[in-house]
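# Analysis of the macromolecular model
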Amino acid sequence: MYDRILVATDGSEPARAAVRHAVGLAAETGATLYALYVVDTETSWLAVSKADVKQTLRDVGERAGDQVLADVESRASDRGVTVEAVLREGVPDEEILVYADELDADLVVLGTHGRDGVSRRLLGSTTERVARDAGMPVLTVHTDDQSS
């Protein structure tokens, strides 16, 4: 059923719940797990020196991404799942969609904060944008889902 499962993570608790679920699915189906961390280096037009801000965001994001992806690799290894970890830079929802298409992913797994109302309208939702625009199934996992 699934050969290539993409899980995008930012290290947040909702993303960790998605990782647990994706690792479990990959273990059950024999799929390869592709773990993606996107370093978001978008800068505000208010930034004095966009180049300096962008480099700082890149440095911090890459360090965080390396740690988050190492955790995914460890979880996958514990379950005997083959994992390919990738770190990219850009707008998270756009990079997730591009990578999912490049992989010809069978499934994209994403965590969701479960925000509603004004909070969601103000902040937007990477998960919502990916689910709306993806050309393949997207599974959203809530924080309280403790699947492994």
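Residues numbered from 1 in each chain as written. Predicted model: local features only at pLDDT ≥ 70, side-chain atom pairs only at ≥ 80, totals over all residues. Heavy atoms only, no water.

In a soluble, globular protein the nonpolar side chains are often hidden away together inside. Counting 23 residues, the largest nonpolar core has I5, V7, L33 and V109 as the members making the most contacts within it. Going through the elements one at a time, β1 (4-8), α1 (13-29), β2 (32-39), α2 (50-78) and β4 (107-112) are the ones with two or more residues in this core. The element best represented in this core is α1, accounting for seven residues. If sequence neighbours within four positions are ignored, I5 has contacts with A22, L25, A26, T29, A31, T32, L33, Y34, L107 and V109. (Core = buried A, V, L, I, M, F, W, Y, C linked by side-chain atoms within 4.5 Å. Buried < 20%, exposed > 50% of the residue type's maximum accessible area, 1.4 Å probe, protein only. Helix = DSSP H or I, 4+ residues; strand = E, 2+ residues; numbered from the N terminus. Contact = heavy atoms within 4.5 Å.)

What follows deals with unusual backbone geometry. For D104, which is not a glycine, the phi torsion comes out positive at approximately 55°. Relative to the helices and strands, D104 resides in the loop between α3 (92-103) and β4. With relative accessibility at 52%, the residue D104 sits in the exposed group.

The next point concerns the sheet that holds β1. If you walk across this open sheet you meet the five strands as β3-β2-β1-β4-β5, and the pairing is parallel. Unpaired on one side and paired on the other, β3 (83-89) and β5 (138-142) mark the two borders of the sheet. Recorded for the sheet is a direction-independent mean angle of 25° between the axes of neighbouring strands. Relative to β3, β2 runs parallel, the two sharing seven bridges. Opposite Y37, over in β3, you have L87 as the bridge partner. Strands in contact with α3 are β1, β2, β3 and β4; relative to β2, the strand with the most contacts, it is inclined by about 150°. In this fold helix α5 (residues 126-133) packs onto β4 and β5, with an angle of close to 155° to the strand it touches most, β4. (Pairing = 2+ DSSP bridges. Axes fitted to C-alpha atoms, helices over the stretch in contact; angles between N-to-C directions.)

Taking 1.5 Å per residue as the helical rise, α3 with its 12 residues ought to reach 16 Å, and the 16 Å between its terminal C-alpha atoms agrees with that figure. Among the residues of α3, those classed as buried are P92, D93, E95, I96, L97, Y99, A100 and L103. Here the buried face of α3 lies against β1, β2, β3, β4 and α5. (Expected span 1.5 Å × (residues − 1).)

For the rest of this paragraph, the subject is the environment of D71. With respect to the element layout, D71 can be found in helix α2. Between the C-alpha atom of D71 and that of V19, which follows or precedes it by 52 residues, the distance is 9.5 Å.

The next subject is the confidence of the model for the chain. Overall, the predicted model of the chain reaches an average pLDDT of 85, with 80% of residues at or above 70. Averaged pLDDT values over the elements of the chain bottom out at 48 in helix α4 (residues 117-123) and peak at 98 in β1. Every residue in residues 119-123 is under pLDDT 50, and counting partners more than four places away or in other chains gives five contacts. (pLDDT = per-residue confidence, 0-100.)

Let us now look at the packing of α3 against α5. Packing of α3 against α5 brings their axes to within 9 Å, and their N-to-C directions diverge by 35°. The hand of the α3/α5 crossing is right-handed. Across from P92, D93, I96 and L97 in α3, the residues of α5 making contact are T126, R129, V130 and D133. Partitioning the contact of α3 with α5 into residue classes produces four nonpolar, one polar and three charged. (Left-handed = near helix turned anticlockwise from the far one by under 90°. Nonpolar A, V, L, I, M, F, W, Y, C, P; charged D, E, K, R; others polar.)

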